[in-house]
Amino acid sequence: MSTTVPAASEQFEIGGRSFTSRLIIGTGKYRSFAEMKQAHRASGAELVTVAVRRVPLDRSSESFLDHLDPALAILPNTAGCYTAEEAIRTARLAREALGTDLLKLEVIGDETTLFPDNEQTLAAARVLVKEGFIVLPYFSDDLIMAKKLLDAGCAAVMPLAAPIGSGLGIQNPANLRIMREQLPDATIIVDAGVGTASDAAIAMELGADAVLMNTAIAEARDSAKMAEAMKLAIAAGRLAYVAGRMPKRLYASASSPSAGVVR
C-alpha cells in the first residue's frame with residue numbers, strides 16, 4: 001500500500017513553473033516500459049528528464065516517449081554532448097520537437113568519469129539563455145562555477161553528488177552546504193550519484209531544492225518501491241531542513257533538565 005506524504009508547505013519552482021514534488025525522475029535503464037511507468041507513478045514526480053540524442057523525436061519507432069504519463073512535464077537533456085556547439089544544436093532540436101523551453105544542459109568532458117566540462121557548459125548556457133531557454137546546467141559541485149552560471153541567467157544549477165550512475169551518494173557534502181549558504185536565493189538541484197533513499201534525504205537536509213535521479217530507481221531490484229522510498233526520503237529531508245536540526249555537540253547533553261530534580 002502506498003504511503004501518503006504530506007504536501008510541502010511551499011512549492012518548488014523552475015523558471016516560473018510550480019511543482020509540488022521535489023523529485024525529478026529519468027527514463028533510462030528500466031527493464032521494460034511497464035516497469036518505468038510503475039516507478040514513475042510511485043515516485044509522485046511531476047517532471048521527467050529525456051535524453052534527446054537517445055530517442056527518435058519524430059516517433060518513427062517506439063520509445064519511452066510513447067509510454068510517459070501525459071501529466072508529466074518533460075525536461076529534455078543534452079546527454080551525450082561533448083562540446084557547447086553540440087549541446088546548442090541538440091537543445092534547439094528538443095525545443096522544436098517537444099515544444100518546451102525547459103532544458104537540462106549537459107556537456108561532458110570525459111568519457112570514463114562522465115564529469116562535466118564546466119567551461120563548455122557555461123559557453124552553451126550563455127547562448128541558450130539568450131535564445132529564451134530555461135537552462136538547468138549539470139556541473140561539478142563548484143561554488144564559483146555556480147555563480148557564473150547563475151550570472152549567465154540559468155534558472156537553476158545542478159551540481160553533481162557523485163559520478164553519473166555511480167550510486168556513491170553525496171561525496172562532498174561541505175561543497176553543497178557552502179553552495180546553499182552562499183547562494184540562498186538560487187534554485188539548487190542535486191543531480192547524479194544518488195544511490196538510495198538516505199542519499200536523497202541527505203541532499204535535501206543540506207538545503208537542495210530538489211533531486212534528480214534515474215539509475216538509483218531504474219536499477220533497484222524493485223524500482224517502484226525504490227521510487228516510493230525516494231519520494232518519502234525527499235519529503236522527510238526537506239521537512240528536516242525547514243525545521244532546522246539541533247546543533248552538534250562534542251559532549252553529552254541530558255534530555256531532562258537537572259533543575260527541579262528530587263534529591
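Cut-offs and rules
Residues numbered from 1 in each chain as written. Predicted model: local features only at pLDDT ≥ 70, side-chain atom pairs only at ≥ 80, totals over all residues. Heavy atoms only, no water. Helix = DSSP H or I, 4+ residues; strand = E, 2+ residues; numbered from the N terminus. Rg over C-alpha atoms; globule rule 2.2 N^0.38 Å. Buried < 20%, exposed > 50% of the residue type's maximum accessible area, 1.4 Å probe, protein only. Areas by Shrake-Rupley, 256 points an atom, 1.4 Å probe, with all protein chains shown as cover. Contact = heavy atoms within 4.5 Å. Polar contact = N/O pair within 3.5 Å; in protein donor to acceptor, adjacent residues only side chain to side chain. Pairing = 2+ DSSP bridges. Right-handed = clockwise from strand over helix to strand, strands pointing away. Expected span 1.5 Å × (residues − 1). Salt bridge = Lys/Arg side-chain N within 4 Å of Asp/Glu carboxyl O. Phe/Tyr/Trp six-rings, centres within 6.5 Å; stacked < 30°, edge-to-face > 60°. Lys NZ or Arg CZ within 6 Å of the ring centre and 35° of its normal. Axes fitted to C-alpha atoms, helices over the stretch in contact; angles between N-to-C directions. Parallel < 35°, antiparallel > 145°, perpendicular 65-115°, else oblique. Left-handed = near helix turned anticlockwise from the far one by under 90°. Disulfide = S-S within 2.5 Å.

A. Summary view of the overall build of the protein. Across its full length, the protein holds 8 helices and 10 strands. In terms of overall dimensions, the protein is globule-like: its C-alpha atoms have a radius of gyration of 19 Å, near the 18 Å expected for 263 residues. On the principal axes, the C-alpha backbone points of the protein span a range of 80 × 45 × 35 Å. The proportion of buried residues among the 263 residues of the protein is 49%. Here the protein displays about 13300 Å² of accessible surface, and carbon together with sulfur accounts for 51% of that area.

B. Molecular detail of the environment of Ser140. When you line up the elements, Ser140 lands in the loop between strand S7 (134-139) and helix H4 (143-151). Expressed as a C-alpha distance, the spacing of Ser140 and Ile189, which sit 49 residues apart in the sequence, is 12 Å. For Ser140, the contacting residues outside a window of four places in its chain are Pro116, Asn118 and Leu160. Polar side-chain contacts of Ser140 include one of 2.6 Å to the side chain of Asn118.

C. Quick look at the pairing of strand S6 (residues 102-105). Residues Leu102 and Lys104 line one face of S6 and the alternating positions Leu103 and Leu105 line the opposite face, and both faces are buried. Of the strand pairs in this sheet, S6 and S7 are connected by 4 bridges, and their pairing is parallel. The partner of Lys104 across the bridge, within S7, is Leu136. Note on the crossover from S6 through helix H3 (residues 118-130) to S7: the handedness is right-handed.

D. The arrangement of helix H2 (residues 84-98) in detail. In this model H2 runs 21 Å from its N-terminal to its C-terminal C-alpha over 15 residues, within 8% of the 21 Å that 1.5 Å per residue would give. Regarding H2, the residues found buried are Ala84, Glu86, Ala87, Ile88, Thr90, Ala91, Ala94 and Leu98. Close packing links the buried residues of H2 with strand S5 (73-77), S6 and H3. Following H2 by one or two positions, Gly99 adopts a phi angle in the positive range, close to 65°.

E. How the structure looks around the pattern of salt bridges. Taken as a whole and assessed by the stated rule, the structure comprises 6 salt bridges. Its salt-bridge partner being Arg180, residue Asp209 comes within 2.9 Å of it at the nearest N-O pair. With Asp209 in the loop between helix H6 (197-205) and strand S10 (210-213) and Arg180 in helix H5 (residues 173-182), this residue pair connects regions lying 29 residues apart in the sequence. Neither residue differs from the other here; Asp209 and Arg180 are each classed as buried. Among the ionic contacts, a cluster of salt bridges with common partners joins Lys104, Glu106 and Asp191.

F. Representation of the packing of aromatic side chains in the model. Taken as a whole and judged by the stated rule, the model has 1 aromatic pair. With 6.3 Å between their ring centres and 45° between their planes, Phe12 and Phe19 make a pair best called tilted. Classification of Phe12 by relative accessible area gives buried; the value is 3%. Taking the relative accessible area as the measure of exposure, Phe19 reaches 7% and is therefore buried. The ring of Phe133 has Arg95 sitting right over it, with the charged end atom 3.8 Å from the ring centre. Residue placement shows Lys104 over the ring face of Tyr138; its charged tip is 5.7 Å from the ring centre.

G. Focus on unusual backbone geometry. Residues other than glycine seldom take positive phi values, yet Lys29 does so here, at roughly 75°. Looking at where Lys29 falls in the secondary structure, it is placed in the loop between strand S3 (23-25) and helix H1 (33-43).

H. Representation of the packing of H3 against H4 within the structure. Two numbers describe how H3 lies on H4: the axes approach to 9 Å, and their chain directions differ by 15°. Judged by the inter-axis angle, H3 sits roughly parallel to H4. In this structure, H3 meets H4 at a crossing whose hand is right-handed. Together, Asn118, Thr121, Leu122 and Ala125 of H3 and Met145, Lys148 and Leu149 of H4 make up the contact between the two elements.

I. Region of the structure containing the environment of Ile108. Residue placement: Ile108 occurs in the loop between S6 and H3. The exposure class assigned to Ile108 is buried, which follows from its relative accessible area of 4%. Separated by 130 residues in the primary sequence, Ile108 and Arg238 place their C-alpha atoms 30 Å from one another. Those residues in contact with Ile108 that lie beyond four places of it in its chain are Cys81, Tyr82, Leu114, Phe115, Pro116, Asp117, Tyr138 and Ile164.

J. Structural view of the state of the cysteines. Tallying each qualifying case throughout the model produces 0 disulfides. Residue Cys81 stays outside any disulfide, its sulfur separated by 16 Å from that of Cys154, the closest cysteine.

The values are spatial; any link to function lies outside them.
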